[in-house]
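Geometric and topological summary
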Amino acid sequence: MKQPSATVADQAAIAEAAAILEQGGLVAFPTETVYGLGADAENPAAVARIYEAKGRPHDHPVIVHLAPGADLDYWTTDVPDEARQLVQAFWPGPLTLILKRNPRIPDAVSAGQDSVGMRCPSHPVAIALLQAFKGGKGGVAAPSANKFGNVSPTTAQHVRDEFGMDTHDDGALNGDDACSAAELSRVLEGGSSEVGIESTIVDMSRLATHGPVLLRPGHISAQQIADVIGMLPAAPDQAAPRASGTLESHYAPRTPVTMLAADGFAATLSQLHAKGVKVALIGHDLPAALTTSAHAQRMLPADPAGYAYGLYAALRDMDQTDAGLILVETPPQDAAWLGVNDRLRRSVFGSAGVIDALLQK
Ligand code: TXA
Ligand code: MG
């Protein structure tokens, strides 16, 4: 996988960010999946600031991030052996485990549920921050650092764009956005997130009665989990804990997004062009003749990891053009592409029928 390339936060910036967290402030930081908007998980007022900054409904729990080797049992209770095997196999890394919450942990992180989402990220800046914060013994509650419902950020610049902050002066505000950004005082640099889509989430809190449940697909696949614990995580059932990343409409740009298989592409594109519709393309296998005719385009690698790495930046960049439609070439449907297809399906939600509507104008 690709390594972060931009300048990364230095020790001084990390120490300062840890101090802000200890004082109850918000810090955005890179992880290997997407950038997170962090607060002290044991400070309910700080956690409330996350919800305020994101405009996130209060009934959506946030994930608690720990430093490698931190004491999982401080946060949780009744941790099954299988969950410890997953920790052993995949932490630090892009896997979140839902476990029973320890009664000493404030309800606020779990939005009142009796479970808690735990994750140990592998990005070196995230690890350094978690080690500096409360001497490595704290937990940082962090959802993705985007406004509720928007595409998750995979660079520090994406975070600044989301919260209306100036490029160089982290913490500085741009007039109109002063209210929304007022709560976010630092964005740590860490290059482009190497995974590019959010962590896999497995519910291990109801293992005895329901087995493992895959709440959100990601880079670590259900099969990789089965290889470790001998049980294949099931799809979510009615009683599964709520996860906002599982809302139908999520990860959505402002421009309507729709998917088309490669064979119908050329004909639809020329019909749209004939109607004067500006189309931004995202593809992985389209012929050059098609992509050059588009208003804007981004071709992504034809492998699932490379595609996931570029997907959110592509959606953001195409959303910045004045295109009337983002048209995505339908990716392959096999298991390795589950995470990508899950995110695309949610980006497309709400845009059903958009091509017909544009063609009828
Ligand atoms: O990769 C990631 O997981 C990123 C980085 C920053 O770590 N974080 C992230 O957080 O994606 P967020 O809040 O955008 O998505 C976390 C998902 C939400 O859908 C939330 O509802 C679910 O995890 N979640 C958190 N705690 C939970 C719990 N106790 N039970 C069920 N779902 C939970
Ligand atoms: Mg999110």
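Residues numbered from 1 in each chain as written. Chains lettered and ligands numbered in written order. Predicted model: local features only at pLDDT ≥ 70, side-chain atom pairs only at ≥ 80, totals over all residues. Heavy atoms only, no water.

Looking at an unreviewed UniProt entry, one finds the protein named Threonylcarbamoyl-AMP synthase, with Duganella levis as its source organism. Annotation of the protein in UniProt includes, under Sequence similarities (unreviewed entry), the sentence "Belongs to the SUA5 family." (UniProt positions renumbered as here; feature names shortened; annotations may be inferred.)

**What about helix α9 (residues 222-229)?**
Every buried residue belonging to α9 is among A222, I225, A226 and I229, and all of these are buried. Take α9 and look down its axis: the buried residues cluster within an arc of 100°, on one side only. At its buried positions, α9 is contacted by α4 (81-90), β5 (95-101), β9 (200-203) and β10 (213-216). Backbone geometry just after α9 places G230 at a positive phi near 75°. (Buried < 20%, exposed > 50% of the residue type's maximum accessible area, 1.4 Å probe, protein only. Helix = DSSP H or I, 4+ residues; strand = E, 2+ residues; numbered from the N terminus. Arc of directions from axis to C-beta. Contact = heavy atoms within 4.5 Å.)

**Section: the pairing of strand β1 (residues 26-29)**
Because side chains alternate across β1, one face comprises the buried residues L26 and A28, and the other comprises V27 and F29, equally buried. Bridge analysis of β1 against strand β8 (residues 184-187) gives 3 bridges, and the strand direction is parallel. For L26, the partnering residue across the bridge sits in β8 and is L184. When β1 meets strand β2 (residues 36-40), the two strands line up antiparallel, connected through 3 bridges. If you follow V27 over to β2, its bridge partner there is G38. (Pairing = 2+ DSSP bridges.)

**Quick word on the environment of I50**
Mapped onto the elements, I50 comes out in helix α2 (residues 44-54). C-alpha separation for the pair I50 and A17, spaced 33 residues apart in sequence, amounts to 15 Å. Not counting residues up to four positions away in its chain, the partners in contact with I50 are L26, L37, G38, A39, A141 and P143.

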